[in-house]
Amino acid sequence: MLRTASAGLAALALAAGISGCSATAGNARLAQTEASGDGVLRIGLLLDNAGSQAFLNDAQRAAVELAVQQANAAGGHKGRPIELIPPKSSTDTAAAARDLVAAKADVVIGPTDSTHAPAAIDVLGKAKVVLISPANLDASLSTYSSGGYYFRTAASETSEGAALIALAKAGEARSVAILRQKGTYGKTVGDAVASAAAAAGLGEKGSAEFTGHDARSAAAGAVAAGADAVVVVARDEAQAVLAQVHDGGVPGSKLLLSDGAVGQYGTGLAGGALDGARGLVPGAFPNSGFQADVLKQAPDLKDMTFAAEAYDAAALAILAAGAAQDDGGASIASHLIGVSGGTASGSGQRTKCTALTECLSLETKGAAVDYDGQSGPIGFDANGDVTAANFTVFRFSADNRGRMVGSQAVAR
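Calculation criteria
Residues numbered from 1 in each chain as written. Predicted model: local features only at pLDDT ≥ 70, side-chain atom pairs only at ≥ 80, totals over all residues. Heavy atoms only, no water. Salt bridge = Lys/Arg side-chain N within 4 Å of Asp/Glu carboxyl O. Helix = DSSP H or I, 4+ residues; strand = E, 2+ residues; numbered from the N terminus. Buried < 20%, exposed > 50% of the residue type's maximum accessible area, 1.4 Å probe, protein only. Core = buried A, V, L, I, M, F, W, Y, C linked by side-chain atoms within 4.5 Å. Contact = heavy atoms within 4.5 Å. Phe/Tyr/Trp six-rings, centres within 6.5 Å; stacked < 30°, edge-to-face > 60°. Lys NZ or Arg CZ within 6 Å of the ring centre and 35° of its normal. Pairing = 2+ DSSP bridges. Axes fitted to C-alpha atoms, helices over the stretch in contact; angles between N-to-C directions.

### Focus on the pattern of salt bridges
When the charged atoms of two side chains lie near each other, side chains of opposite charge can form a pair.
Phase 1 of the analysis: A full pass over the atoms with the stated rule returns ten salt bridges.
Phase 2 of the analysis: Between lysine 296 and aspartate 293 there is a salt bridge whose closest N-O contact spans 3.9 Å. With lysine 296 and aspartate 293 both in helix α9 (residues 288-297) and three residues apart, the pair spans about one turn of that helix.
Phase 3 of the analysis: Since its relative accessible area comes to 64%, lysine 296 is described here as exposed.
Phase 4 of the analysis: Here the residues in one salt-bridge network are Asp38, Arg42 and Glu83, joined through shared partners.

### Looking at the nonpolar core
Phase 1 of the analysis: Within the largest apolar cluster, 78 residues are counted, with the highest numbers of intra-cluster contacts made by Val130, Ile132, Tyr311, Leu336 and Leu356.
Phase 2 of the analysis: The leading source of residues in this core is helix α10 (residues 307-324), at 13 residues.
Phase 3 of the analysis: Filtering out sequence-adjacent residues up to four positions away, leucine 336 remains in contact with Val130, Ile132, Phe151, Leu316, Ala317, Ala320 and Phe380.
Phase 4 of the analysis: Of all hydrophobic cores here, the second largest spans 28 residues; its members include Ala227, Leu269, Ala277 and Phe394.

### Observations regarding the packing of aromatic side chains
Phase 1 of the analysis: For the coordinates displayed, the defined rule picks out two aromatic pairs.
Phase 2 of the analysis: With centroids separated by 5.2 Å and ring planes inclined at 75 degrees, the aromatic side chains of phenylalanine 290 and tyrosine 311 adopt a geometry described as edge-to-face. Of this pair, phenylalanine 290 sits in helix α9 while tyrosine 311 sits in helix α10, and the two are 21 residues apart along the sequence. For the pair formed by phenylalanine 290 and tyrosine 311, the shared burial category is buried.
Phase 3 of the analysis: When the ring centre of phenylalanine 151 is taken as origin, the NZ or CZ atom of arginine 29, which lies over that ring, is 5.3 Å away.

### Concerning the sheet that holds strand β5 (residues 150-152)
Phase 1 of the analysis: Across the sheet, five strands lie side by side as β2-β1-β3-β4-β5; this open sheet has parallel pairing. The two strands at the open ends of the sheet, each matched to only one other strand, are β2 (83-84) and β5.
Phase 2 of the analysis: Bridge analysis of strand β1 (residues 42-45) against β2 gives two bridges, and the strand direction is parallel. Bridging from a neighbouring strand, isoleucine 43 pairs with leucine 84 of β2.
Phase 3 of the analysis: Helix α2 (residues 55-73) rests against β1, β2 and β3 (107-109) of the sheet, and its axis sits at about 170 degrees to β1.

### Let's talk about the environment of alanine 344
Phase 1 of the analysis: Structurally, the position occupied by alanine 344 is in the loop between α11 (329-339) and β12 (351-353).
Phase 2 of the analysis: Setting aside anything within four residues of it in sequence, one finds alanine 344 in contact with Leu30, Ile337, Asp381 and Ala382.

### Things to note about the pairing of strand β6 (residues 175-181)
Phase 1 of the analysis: Here β6 lies mainly inside the structure; seven of its seven residues are buried.
Phase 2 of the analysis: Every second residue of β6 is oriented toward a common face, with Ser175, Ala177, Leu179 and Gln181 on one face and Val176, Ile178 and Arg180 on the other, all of them buried.
Phase 3 of the analysis: Across two bridges, the pairing between β6 and strand β7 (residues 203-204) is parallel. Across the sheet, residue serine 175 finds its bridge partner in β7, namely glycine 203.

Shown next, in the form of structure tokens:
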């Protein structure tokens, strides 16, 4: 099953102008807590996709259902079944979050869209309900004030710069041109690429910013400068951008595409325009065994996007509740760094495990666990961010369609 990548998917990451206070003040992630639960671990879902992106809800729902089912088969939480609050799709994030608080959720998985995250954080953080997003990418969410109740199993956009430069080096490039679309996304990812290039000793030649899809002159400048690789950081009108990059003379073999520019373009671009290009999509590609398990929950599922990250979000919440021996949101928040293998909590020696049932078994024996999940190592930091970023690598052929060829991991 191919993990679909689309330019529309990347639009979910935009969160212009989000700001907040430092996560270190009043940080529940690092706090010492007392039991506050009612004895039943309840997990909710914020399914915020609509229209052409509604398919993203299904993989996340199925993955969380799988984690809950597996945990309940292993004994649930303290001998009682974990409850999954019946999920409903809604684009009114604040209202959906309030409904989940009323339903006594201890943990909520979601939302997908970074622009919806602040509304969810504001409601759930105040209620001391943990929120773990499998898909939020906006870098500024790292410092958005949540009281320490916000986490995410997807890496922020800034990690993508190092991953793109790793691909450039793998292709033996010694210099790069960074063509960035004007806007928050272009600046955030473009700056990250530039910083990573400098750190890796790659020269920068012919870099430029362009507005909208007007990328032809920027592309021609990169060709004239003789850059070995051309990184296109764009999201809006991505197909039109790539058409102009092709018209500007950049061959597909030199192209590296940010996640916002990755799509299955086919005949929408001139034949061979992307031949040899490589692109990144955040997250790890689910293995066949995991896919088979998810499909048992949703036999008609056609796309696995964010399934691994959603499963890991639920698994970590369950393990944190087990480590705390309490289902209260404050207890779960204070144990998530530890069970994820993060060091910010100073949690000491832990036993590595890669399956939820294995980790639960270890916890019943009194072991402290370090869960490396379907999306790879996680290791939350004090901001609730992953410290190991994983990306799926796509390579394009003459038909302008990307096919998964591997993965790229970088440390944050």
